[in-house]
Amino acid sequence: ERRAGYLAFDLGASSGRAMLGWLEGPVLHMAEVHRFETSLIERDGHLFWDVEALEQEIWTGLQQALAQMPALRAVSVDSWAVDYVLLNREGRPLRPPYSYRDTRTRPMMARAFARVAPAELYARTGIQLIPINTLYQLLADLEEDPAVLRRAERLLLIADYFNHRLGGQPVVEVSMASTTQLMNVHTRQWDAELLRAFGLDFPCWPEIVPSGQVIGQVRGHPSVAVIASCSHDTACAVAAVPARPGTRWAYISLGTWALLGVERTTPILTDAAREAGFTHEAGLDGTIRFLKNLTGLWVLQECLRAWRQEGPVSWEALEAEARAAPAERCYLDLDDPYFFEPGQMPERIVAYCRQHGLPVPESRGQMVRAILESLARNFRRALRQLEALLEAPVDTLHIVGGGARNRLLCQLTADTCEVRVVAGPAEATAMGNLLIQARTLGDLPEGYTLRDVVARSETCWIYEPHQKSIPQPATER
Ligand code: LRH
């Protein structure tokens, strides 16, 4: 039996987890108590999330957590951004929520810009103009099924919806709200003028609450608080970057997506920032996550998924093969919409190479190498753009999230970007979620910030550019 602690549900695009966390002095301990798939449903050519199944998994995870820790103090859900659930008066979904990978939003950016110029939209929201944003999804709803928006009592984003199902108020936490592209970057409230301009001024918009707020108690377990930590997974991950004061640091939160940027207190709402595709998402404590959304491990994950359908695949063996493969043979533009949809990824890569006159990877190892090198090159481009916008160089690049475990990618990133990489924690999102809960309840030890606790709790690894030796630990434990 464990002492009192917190439960984080971290919902990612391919899997969800329930992580228990508890503090011993300034050290956070964690244990995974439940893991499940976050499966997409394909119906009539469209992609939806199975929120009923996910909710079942969440209640199962809660039971497992309570069995191990009866004195559980709080729970909080974080998830990917932009997708939403429309609720009826009884609080049930009016339909399963669409996935942002659904193609229905493709024509919607052009439609939006006919009403509000991109420069104006960016000036108001600070959000990168990409088709996955809630705004463009809602415009698709308006065209296809306007009645559904009129009937909706409430719109909640994915993590906020599950916090509500657990017993929390039906609110949207600010880091998540910012990703809709309908929140004003200055006031951090819904932008009423934009809602009107797009014909989206329905009564379904919930209150926006700050990060780290108690929003209720778990149904059936009144001693367990429901906390809106940061509902947006990337905001939790950035909150848990173990950055040291005095360094000029940037981060990549590296999972299915790669979110590369810095933490700031003031926006950079220039044409240059908009044209370079930088976004201003809301972070913990009023910070701004000035970052760029890049394709992360998605293409690799899809290759692995395809290969695993043919038989068992060992990542260690693949990584070794990729290390041994010839360098810099082929660059894939992983942000090309061509790679955006799921399915047949290895075949699509081959077709892409043929189409672009690139040497076709001859083995899985070569394909992995091409993907990782292409990622590192995209990181370099984004990092140089970022440094130009900041008018200052970055000296430390933190890689957090699952990608921090990918040693070859960390080294290629250090080499290609010519920057020191500090890799870890791989569990940044869950750590951020858990520590925001702890802080909300006043449980962080005196004199320690959230980031201090992360740095004490995890061993991170340093990759210097072109280093030949094995990575060194960067720890303060
Ligand atoms: C990463 C993430 C990212 C969003 C995308 C939809 O999981 O939340 O920050 O842009 O998913």
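Residues numbered from 1 in each chain as written. Predicted model: local features only at pLDDT ≥ 70, side-chain atom pairs only at ≥ 80, totals over all residues.

Caption draft 1: Structural view of the overall build of the protein. Assigned secondary structure in the protein consists of 17 helices and 20 strands. Here the C-alpha atoms of the protein give a radius of gyration of 22 Å, agreeing with the 23 Å that 2.2 N^0.38 yields for 477 residues. Along the first, second and third principal axes, the C-alpha set of the protein runs to 60 × 55 × 50 Å. Burial status across the protein gives 48% buried among its 477 residues. Of the contacts made within the protein by residues no fewer than 6 positions apart, 71% connect residues no fewer than 24 positions apart. (Helix = DSSP H or I, 4+ residues; strand = E, 2+ residues; numbered from the N terminus. Rg over C-alpha atoms; globule rule 2.2 N^0.38 Å. Buried ≥ 20, exposed ≤ 12 C-beta atoms within 10 Å, placed from the backbone. Contact = placed C-beta atoms within 7 Å.)

Caption draft 2: Quick peek at the site of the ligand. Near the ligand there are 13 residues, and of these W80, A81, D233, T234 and W257 occur at the shortest range. Broken down by secondary-structure element, the contributors of at least two residues to the shell around the ligand are α9 (233-239) and β14 (257-264). Classifying every residue of the shell around the ligand gives seven nonpolar, five polar and one charged. (Near = placed C-beta within 6 Å. Nonpolar A, V, L, I, M, F, W, Y, C, P; charged D, E, K, R; others polar.)

Caption draft 3: Geometry of the sheet that holds strand β18 (residues 420-423). In spatial order, the strands read β15-β16-β14-β13-β17-β18-β19-β20; together these eight strands make up an open sheet with mixed pairing. Edge strands, defined here as strands with exactly one partner in the open sheet, are β15 (279-282) and β20 (472-474). Averaged over all neighbouring strand pairs, the angle between strand axes comes to 35 degrees, with direction disregarded. Here four bridges tie β15 to strand β16 (residues 288-295), and the two strands are oriented antiparallel to one another. Pairing of E281 across the sheet is with R289, part of β16. Across the face of the sheet, helix α14 (residues 364-390) comes into contact with β13 (249-254), β14, β16 and β17 (396-400) while running at roughly 20 degrees to β14. (Pairing = 2+ DSSP bridges. Axes fitted to C-alpha atoms, helices over the stretch in contact; angles between N-to-C directions.)

Caption draft 4: Structural view of the UniProt feature "domain: Carbohydrate kinase FGGY C-terminal" (unreviewed entry) in the protein. UniProt tags residues 250-440 as "domain: Carbohydrate kinase FGGY C-terminal" (unreviewed entry). In this annotation, residues 250-440 is assigned 47% helix and 18% strand; the end-to-end C-alpha distance for the span is 26 Å. (UniProt positions renumbered as here; feature names shortened; annotations may be inferred.)

Caption draft 5: View of the nonpolar core. Core analysis: the largest hydrophobic core is formed by 143 residues, its most contacted members being A240, L260 and L435. Setting aside chain neighbours within four positions, we find A240 in contact with V400, P425, A428, M431, G432, L435 and V454. (Core = buried A, V, L, I, M, F, W, Y, C linked by C-beta atoms within 7 Å.)

Caption draft 6: Looking closely at the sheet that holds strand β2 (residues 15-24). Read from one edge of the open sheet, six strands run β3-β2-β1-β6-β12-β11, paired in mixed fashion. Of all strands in the sheet, those bounded by a partner on one side alone are β3 (27-37) and β11 (213-218). On average, adjacent strands in this sheet sit at an angle of 25 degrees to one another, irrespective of strand direction. Across the sheet, helix α1 (residues 51-68) lies against β1 (6-11), β2, β3 and β6 (74-79), angled at about 140 degrees from β3, the strand it touches most.

Caption draft 7: View of the packing of α14 against helix α15 (residues 407-417). Interhelical geometry of α14 versus α15 gives an angle of 40 degrees and a closest axis separation of 9 Å. As the angle between them shows, α14 and α15 are arranged oblique. Viewed along their axes, α14 and α15 form a crossing whose handedness is right-handed. Listed contacts from α15 to L372, E373, L375, A376, R377, F379, R380 and L383 of α14 are L408, L409, L412, T413, T416 and C417. A class-by-class count of the residues in the contact of α14 with α15 yields nine nonpolar, two polar and three charged. (Parallel < 35°, antiparallel > 145°, perpendicular 65-115°, else oblique. Left-handed = near helix turned anticlockwise from the far one by under 90°.)

Caption draft 8: Quick peek at the confidence of the model for the protein. A residue-level look at the protein finds 99% of positions with pLDDT of 70 or above and a mean pLDDT of 96. For this predicted complex, the interface confidence reaches an ipTM of 0.96, while the overall pTM sits at 0.97. (pLDDT = per-residue confidence, 0-100.)

Caption draft 9: Broad picture of the environment of P26. With respect to the helices, strands and loops of the structure, P26 is situated in the loop between β2 and β3. For P26, a count of 19 C-beta atoms within 10 Å puts it in the partly exposed group. On a C-alpha basis, the gap between P26 and T449 in space is 9.3 Å, while along the polypeptide they are 423 residues apart. Not counting residues within four places of it along the chain, the set of residues in contact with P26 comprises P445, Y448, D452, V453 and R456.

Caption draft 10: Molecular detail of the pairing of β17. When you tally the buried positions in β17, you get four out of five residues, the bulk of the element. With five bridges joining them, β13 and β17 adopt parallel strand pairing. Each residue of the ladder has a partner; that of A250, found in β17, is L397. Relative to β18, β17 runs parallel, the two being bridged by four bridges. Its bridge partner lying in β18, T396 is registered against R420.

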